[in-house]
Amino acid sequence: MSEPKTDPAPYNPSHPDLFKVHFQEGDYSSSLRAARSFKAGENICHIGGYPVTSKTWRTVQSGIESHFELDSDLVYVNHSCEPNVIFDISSENKEDWNVRAARDISEGTPLEYFYPSTEWDMDRKFICNCKTKTCIGKVEGARYVTIKELEARGFINRHIIGLAYSQDAMDNTRDPLRIR
Ligand SMILES: C[S@@+](CC[C@H](N)C(=O)[O-])C[C@H]1O[C@@H](n2cnc3c(N)ncnc32)[C@H](O)[C@@H]1O
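Being a predicted model, the structure only gives us computed values, none of them experimental.

(A) Expanded view of the overall build of the protein. Scanning the protein from N- to C-terminus turns up two helices and twelve strands. In the protein, the succession of α and β elements from N to C terminus is β-β-β-β-β-β-β-β-β-β-β-β-α-α. Taking the principal axes of the C-alpha coordinates as reference, the protein spans close to 65 × 50 × 35 Å. Taken across its 180 residues, the protein has 27% of its residues classed as buried. For the protein, long-range pairs separated by at least 24 residues make up 58% of all intrachain contacts whose partners lie at least 6 apart in sequence.

(B) Representation of the pairing of strand β9 (residues 98-101) within the structure. Taken together, the three bridges between strand β3 (residues 43-46) and β9 define a ladder with antiparallel strand orientation. Within the sheet, the bridge partner assigned to Cys 45 lies in β9 and is Val 99. Sheet analysis places strand β8 (residues 85-88) next to β9, joined by four bridges and oriented antiparallel. Its bridge partner being in β9, Ile 86 is matched across the sheet by Arg 100.

(C) Structural context of the sheet that holds strand β6 (residues 67-70). Here we have three strands laid out as an open sheet, ordered β4-β6-β5, and antiparallel in their pairing. Strands with a single pairing partner mark the edges of an open sheet, and in this sheet they are β4 (49-52) and β5 (59-61). When the angles between neighbouring strand axes are averaged without regard to direction, this sheet yields 40°. In this structure, β5 lies alongside β6, joined through three bridges in antiparallel fashion.

(D) Looking closely at the confidence of the model for the protein. Per-residue pLDDT for the protein averages 93, and the proportion of residues at 70 or more is 93%. The complex prediction reports pTM at 0.92, with the ipTM value standing at 0.99.

(E) Structural detail: the site of the ligand. Looking at the ligand, there are 16 residues lining it, with Tyr 28, Ser 30, Asn 78, His 79 and Asn 129 nearest. Classifying every residue of the shell around the ligand by side-chain character gives seven nonpolar, seven polar and two charged.

(F) Local environment of the pairing of strand β2 (residues 31-34). Only one face of β2 is buried, namely the one carrying Leu 32 and Ala 34, since none of Ser 31 and Arg 33 on the opposite face is buried. Pairing of strand β1 (residues 19-22) with β2 involves four bridges; the strand directions are antiparallel. In the sheet register, His 22 faces β2, and the bridge partner there is Ser 31.

(G) Representation of the sheet that holds β3 within the structure. What the three strands build is an open sheet, ordered β3-β9-β8; its pairing is antiparallel. If you trace the sheet from one side to the other, it starts and ends with β3 and β8, each paired once. Strand after strand, the sheet turns through a mean of 20° between neighbouring axes, direction not considered.

(H) Local environment of unusual backbone geometry. One non-glycine residue, Tyr 28, lies in the positive phi region at around 55°. Examined against the element boundaries, Tyr 28 turns out to sit in the loop between β1 and β2. Given 12 C-beta atoms within 10 Å, Tyr 28 falls into the exposed group. The phi dihedral of Lys 131 falls on the positive side, at around 60°, and the residue is not glycine. Exposure remark for Lys 131: the 9 C-beta atoms within 10 Å place this residue in the exposed category.

(I) Main features of the nonpolar core. Formed by 33 residues in total, the largest nonpolar core has its most connected members in Val 77, Val 85, Phe 87, Val 99 and Tyr 113. Elements supplying a minimum of two residues to this core: β2, β8 and α2 (158-174). The leading source of residues in this core is β8, at three residues. Excluding anything up to four places from it in sequence, Val 99 contacts Ile 44, Cys 45, Ile 47, Leu 74, Val 85, Ile 86 and Phe 87.

Definitions and limits used
- Residues numbered from 1 in each chain as written.
- Predicted model: local features only at pLDDT ≥ 70, side-chain atom pairs only at ≥ 80, totals over all residues.
- Helix = DSSP H or I, 4+ residues; strand = E, 2+ residues; numbered from the N terminus.
- Buried ≥ 20, exposed ≤ 12 C-beta atoms within 10 Å, placed from the backbone.
- Contact = placed C-beta atoms within 7 Å.
- Pairing = 2+ DSSP bridges.
- Axes fitted to C-alpha atoms, helices over the stretch in contact; angles between N-to-C directions.
- pLDDT = per-residue confidence, 0-100.
- Near = placed C-beta within 6 Å.
- Nonpolar A, V, L, I, M, F, W, Y, C, P; charged D, E, K, R; others polar.
- Core = buried A, V, L, I, M, F, W, Y, C linked by C-beta atoms within 7 Å.

The structure is reproduced here in structure tokens:
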């Protein structure tokens with residue numbers, strides 16, 4: 001005899017006054033949309049979560065070998081190569097981890113951040129559909145992006161900058177004539 005069907009738990013928005021999930025049919029096509037407007041530089045909310053032992057498609061990298069699972073609707077923030085929000089997790093104090101508006105954002109706009117600003121080598125890579133002028137094409141993590149391309153995004157977390165410069169130094173030691 002088959003198990004009786006139970007209804008899935010109803011969606012309970014984590015920050016209804018700030019943003020809401022826009023559920024969309026199809027694999028991973030949902031997004032998070034602003035529930036009000038934000039000014040450039042404005043702190044949108046705190047980034048909270050719990051540490052996990054290995055990275056997945058939904059974790060965020062907070063250090064060279066540390067990853068955490070988001071505890072809110074922020075898990076629905078998609079990637080853009082020209083992002084409108086910043087995930088700032090550079091502080092050693094987790095209380096200071098915040099999502100900030102990278103520019104003015106109007107109500108209803110999808111909130112998107114640049115995934116390589118937190119991720120070095122992503123668990124699941126994908127072809128970007130952001131359709132911006134500066135699109136990097138395949139989103140794999142900062143390991144596969146040049147320092148110039150990273151710095152062009154304006155904000156990259158400290159652990160990623162450290163990893164990128166270490167990789168660059170190692171590459172230049174192997175090939176001193178290489179221009180990155
Ligand atoms: C943490 S989830 C973000 C929420 C996701 N869209 C969903 O519906 O659950 C990350 C996944 O969303 C998709 N995604 C995010 N940004 C994307 C982009 N710019 N282009 C294509 N797929 C994207 C990818 O499948 C990625 O692995």
